Amino acid sequence: MGSGREEICVNQNKKRQNGFFIMLQLIGLVKPLIGIMILAVVLGVLGYLCAIFLTVISSGEVILLLAKAGVIATGGFWFSLKSGAVLLIIMAIARGIFHYGEQYCNHFIAFKLLAKIRHQVFETLRKLCPAKLEGREKGNLISLITSDVELLEVFYAHTISPIAIAIIVSLVMVVFLGHICLAAGWVALVSYLLIGLVLPIALGKTGASPGVEYRKEFGSLNSFVLDCLYGLDETIQYEGGVKRTREIISRSQSLGEKQKHLNHMESLQKGLTNLLVLVCSVAMLLLMTGQYRAGTAEASMVFMATIALMGSFGPVIALSNLSNNLNQTLACGQRILDLLKEEPLVEEVPGEKKVQFSDAKVENVTFSYEEEEILKNFSMQINGGSIVGIHGPSGCGKSTILKLLMRFWDVDRGRIFMGKDSIRHLPSKSLRGMESYVTQETFLFHDTIANNIGIGKLGATREEIIEAARAASLHDAIVSFPEGYDTMVGENGDTLSGGERQRIGIARAFLSDRDFLLLDEPTSNLDALNEGIILKSLKEHCLDKTILLVSHRRSTLQIADEVVEMNRGRGT
Ligand SMILES: Nc1ncnc2c1ncn2[C@@H]1O[C@H](COP(=O)(O)OP(=O)(O)OP(=O)(O)O)[C@@H](O)[C@H]1O
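Residues numbered from 1 in each chain as written. Predicted model: local features only at pLDDT ≥ 70, side-chain atom pairs only at ≥ 80, totals over all residues. Heavy atoms only, no water.

Enquirer: Would you mind going over the overall build of the protein with me for this structure?
Expert: Helix and strand counts for the protein come out as 18 helices and 10 strands. For the protein, the C-alpha radius of gyration of 34 Å lies well beyond 25 Å, the compact-globule estimate for 572 residues. Its C-alpha atoms give the protein principal-axis dimensions of roughly 110 × 50 × 45 Å. Pairs at least 24 residues apart make up 79% of the contacts formed inside the protein by residues separated by at least 6 positions. Of the roughly 28,000 Å² that the protein leaves accessible, carbon and sulfur atoms contribute 61%. Within the protein, one finds 56 positive and 58 negative side-chain charges whose respective centroids are separated by 7 Å. (Helix = DSSP H or I, 4+ residues; strand = E, 2+ residues; numbered from the N terminus. Rg over C-alpha atoms; globule rule 2.2 N^0.38 Å. Contact = heavy atoms within 4.5 Å. Areas by Shrake-Rupley, 256 points an atom, 1.4 Å probe, with all protein chains shown as cover. Lys, Arg positive; Asp, Glu negative; His and termini not counted. Charge placed at Lys NZ, Arg CZ, Asp CG, Glu CD.)

Enquirer: For this particular structure, what's the right way to read the packing of aromatic side chains?
Expert: Enumeration according to the criterion identifies 10 aromatic pairs in this entry. Ring centres of Phe53 and Phe176 lie 5.0 Å apart, and the angle between their planes is 80°; this geometry places the pair in the edge-to-face category. With Phe53 in helix H2 (residues 34-68) and Phe176 in helix H5 (residues 160-180), this pair connects stretches of sequence that are 123 residues apart. Phe53 gets classed as buried once you look at its relative accessible area, which sits at 12%. Look at Phe176 and you get buried, because its relative accessible area is 19%. Between Phe367 and Tyr369 the ring centres are 4.9 Å apart and the planes differ by 80°, which places this aromatic pair in the edge-to-face class. (Phe/Tyr/Trp six-rings, centres within 6.5 Å; stacked < 30°, edge-to-face > 60°. Buried < 20%, exposed > 50% of the residue type's maximum accessible area, 1.4 Å probe, protein only.)

Enquirer: Sorry if this is basic, but what is going on with the nonpolar core here?
Expert: A general feature of soluble globular proteins is that nonpolar side chains tend to end up buried together. In terms of nonpolar packing, the biggest core is built from 38 residues, with Leu375, Met380, Leu405, Met418, Phe516 and Leu548 touching the most fellow members. Counting residues per element, this core draws most heavily on strand E2 (residues 373-382), which supplies five residues. In this structure, Met418 is in contact with Phe357, Asp359, Ala360, Leu405, Ile423, Leu426, Leu431, Met434, Glu435 and Phe516, ignoring residues within four places of it in sequence. In this structure, Ala184, Val187, Met284 and Met301 belong to the second largest nonpolar core, which totals 37 residues. (Core = buried A, V, L, I, M, F, W, Y, C linked by side-chain atoms within 4.5 Å.)

Enquirer: How should I be thinking about the site of the ligand in this particular structure?
Expert: Taken together, the neighbourhood of the ligand is formed by 15 residues, with Glu134, Ser394, Lys398, Ser399 and Thr400 sitting nearest. Between the ligand and Lys398 there is a distance of 2.7 Å, counted from an oxygen atom to a side-chain nitrogen or oxygen. At 2.7 Å, a side-chain N or O of Ser399 approaches an oxygen atom of the ligand. The protein chains hide 75% of the 630 Å² of surface that the ligand would expose on its own. For the shell around the ligand, the element with the most residues is helix H11 (residues 398-405), which contributes three residues. (Near = heavy atom within 4 Å. Polar contact = N/O pair within 3.5 Å; in protein donor to acceptor, adjacent residues only side chain to side chain.)

Enquirer: Before we go on, may I ask you to explain the packing of H2 against H5 in this structure?
Expert: When two helices pack together, their arrangement is given by the angle between their axes and by how far apart the axes lie. Between H2 and H5, the least distance of the axes is 9 Å, while the angle of their chain directions is 45°. In terms of orientation, H2 lies oblique with respect to H5. In this structure, H2 crosses over H5, and the sense of that crossing is right-handed. Counting all contacts with H2, which are made through Met37, Ala40, Val41, Gly44, Val45, Tyr48, Leu49, Ile52, Phe53 and Val56, the residues of H5 involved are Ile160, Ser161, Ala164, Ile165, Ile168, Val169, Val172, Met173 and Phe176. Class assignment for the residues of the contact of H2 with H5 results in 17 nonpolar, two polar and no charged. (Axes fitted to C-alpha atoms, helices over the stretch in contact; angles between N-to-C directions. Parallel < 35°, antiparallel > 145°, perpendicular 65-115°, else oblique. Left-handed = near helix turned anticlockwise from the far one by under 90°. Nonpolar A, V, L, I, M, F, W, Y, C, P; charged D, E, K, R; others polar.)

Enquirer: I tried to follow the UniProt feature "transmembrane region" (unreviewed entry) in the protein on my own but got confused; where do I start?
Expert: The positions UniProt marks with the feature "transmembrane region" (unreviewed entry) are residues 20-40, 46-67, 79-98, 155-177, 184-203, 271-289 and 301-322. The straight-line gap between the two end C-alpha atoms of residues 79-98 is 23 Å; of that span, 90% is helix and 0% is strand. (UniProt positions renumbered as here; feature names shortened; annotations may be inferred.)

Enquirer: What am I meant to see in a nonpolar patch on the surface here?
Expert: Residues Val190, Leu193, Leu194, Leu197, Val198 and Ile201 make up a contiguous nonpolar surface patch of roughly 490 Å² in combined accessible area. Tracing the sequence through the fold places Leu194 in helix H6 (residues 182-230). (Patch = residues over 30% accessible without salt bridge, like charges linked within 9 Å, V, L, I, M, F, W, Y side chains within 5 Å. Salt bridge = Lys/Arg side-chain N within 4 Å of Asp/Glu carboxyl O.)

Enquirer: I would appreciate a short explanation of the domain arrangement of the protein in the present structure.
Expert: Many authors give the size of an interface as the accessible area that is lost as the parts come together. In terms of domain boundaries, the protein breaks down into domain 1 (29-341) and domain 2 (360-571). Computed over C-alpha atoms only, the centres of domain 1 and domain 2 are separated by 55 Å. Facing four residues of domain 1, the contacting portion of domain 2 comprises four residues. On the domain 1 side of the interface with domain 2, the three residues burying the most area are Pro130, Ala131 and Glu134, jointly 78% of the side's total. Counting across the domain 1 and domain 2 interface gives zero salt bridges. Counting across the interface, domain 1 meets domain 2 through zero residue pairs in polar contact (both at pLDDT 80 or more). The residue makeup of the side of domain 1 that touches domain 2, split by class, is three nonpolar, no polar and one charged. (Domains from an automatic or database assignment. Buried area = accessible area lost by both parts, 1.4 Å probe.)

Enquirer: How should I be thinking about the pattern of salt bridges in this particular structure?
Expert: A side chain of one charge can pair with a side chain of the opposite charge when the charged atoms of the two come close. Within this structure, the stated rule accounts for 21 salt bridges. Residue Glu464 pairs with Lys457 through a salt bridge whose shortest N-O separation is 2.6 Å. The exposure class assigned to Glu464 is partly exposed, which follows from its relative accessible area of 26%. On the basis of relative accessible area, Lys457 is assigned to the partly exposed category, the value being 33%. Put simply, Lys361, Glu363 and Arg415 are held in one network by salt bridges that share partners.

Enquirer: What exactly am I supposed to notice about unusual backbone geometry here?
Expert: Leaving glycine aside, a negative phi is the common case for residues, and trans is the common case for peptide bonds. Even without glycine at this site, Glu239 takes up a positive phi of about 50°. Turning to its location among the elements, Glu239 is positioned in the loop between helix H7 (232-237) and helix H8 (241-293). Its relative accessible area of 70% is what places Glu239 among the exposed residues. In this structure, Glu521 is a non-glycine residue whose phi angle is positive, near 50°. Tracing the backbone shows Glu521 in the loop between strand E7 (516-520) and helix H17 (528-541). Take Glu521: its relative accessible area is 6%, and that puts it in the buried class.

Enquirer: Would you mind showing me how to read the pairing of E7 here?
Expert: Side chains on a regular strand alternate between the two faces of the sheet. The element E7 is largely enclosed, with a buried count of five among its five residues. Residues Phe516, Leu518 and Asp520 point to one face of E7 and Leu517 and Leu519 to the other, with burial holding for every one of them. Here strand E6 (residues 435-438) pairs with E7 via four bridges, running parallel. Within E7, the residue paired with Tyr437 across the bridge is Leu518. Relative to strand E8 (residues 546-550), E7 is paired through five bridges, and the arrangement is parallel. Note on E8: the bridge partner recorded for Asp520 is Val550. (Pairing = 2+ DSSP bridges.)

Here it is as structure tokens:
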């Protein structure tokens, strides 16, 4: 162990994977929806062919009209003026229906997969929590959960099937044009390859790093802004506003520069694509004119082949346009795939076992978050029904012991027992079901006070919540608020005092009614009066419970049956 601060995917130092490999993994997720994906491709191909042949038949109609007027000679047309007109109407309607169907299928797949990916991301975060998420950049995590997942929509709705559609439509057109004139087929093939393959690959390579950089900076700016918001009080107090504002401006400018560069790449790609379309069309015209002069093609075929090629670039242009967003999409894909592959530091033990808490034992435990050993051969016994205090200098590892008892981390060496069971083998649900952990900083949700206390017990009644609040000497304070228990708590509990927040944490623990209470500095924010009330409550309400109490205060530790004195890494 000892790698508690391993980098997880939201950290940006991971090596970039090959784009093709990322695409394969993302496509792998489509497997259950492959039938709809095939339908989307079929509808897309038919839609594009309708669009292309609309122009081909329209030009044929013009040629037939010119021929009727005696301006031009016709030959080899497979439709007459009348049947051509009917075909035009059918194709125009079909084009709309096919396009709608294709878009419907693609978006159906995309949003189904986004929901699935979000579910997997949350599932993974839950498993990684708390060991691998502690201290991580929350802004970066937020952009991963929101915008990164969102960008994958582009991949699933606008990338996979367009690639297949472009390949199939191009092949059909190569055969069609090759049938008119073999050389025209070759020109078409080269044109499609240039626009749909060579150009996106060439530009994709130059645009790869800026796309990835942009995503990184975007996430990092999110984290920074979040940090600024959390630290607003400190920033104002120490007059750090100007410095922070400058930093935000400089980061935004840098992000703006990256965006500008990406826009520039996009314009370049669009410009080059249009130029290639023009060059290829002119090449076809010249080729067919040459064939006409040589007497191997009729004038009508010159028009037909040129117009067919000009009207058929849609799918490969769509492919070429992908190169702009693809790098960013793949960068997001990699961040998400990396997260999904992340191994938790603590492997949850599945299942459920009915266990009654009897006592707990920490046996020769050695533990480090990183290199530095926090605990070395540390042992302690917590007898059932007793109150055990832990006292020691700041940073000696008092809270760490509580976290190890909760199995938020696994020990490097030694063992921790609940009764006869090593906590490594006890189902996680059963272990947590026995324990109630009150941290130094009680986290409050943006919800009512009642609901904030109520999270201690699923489905707790109002009476139970009030009883828990009374035991935590919080009831009088709550009823003095204008909306009492229904008063909303500001984000992070900003609208409550430190003592009130702490007492909400204690009320949650009382409400949860677990057998083993782990209390980390539960009275640090309380005055002597409230400290006395809480301690009295602990004594009275927790007669049948076991309490492990971490505190700096000698006065708080007076209620303990025994106190473990800690030096750095050792209990005495
Ligand atoms: N997630 C973490 N990753 C790396 N180091 C950590 C982590 N949490 C705590 N530490 C370090 O481990 C050491 C012990 O921390 P711990 O919180 O257990 O101390 P403590 O005795 O409870 O201190 P205090 O009385 O100030 O709360 C500290 O040096 C702290 O910086």
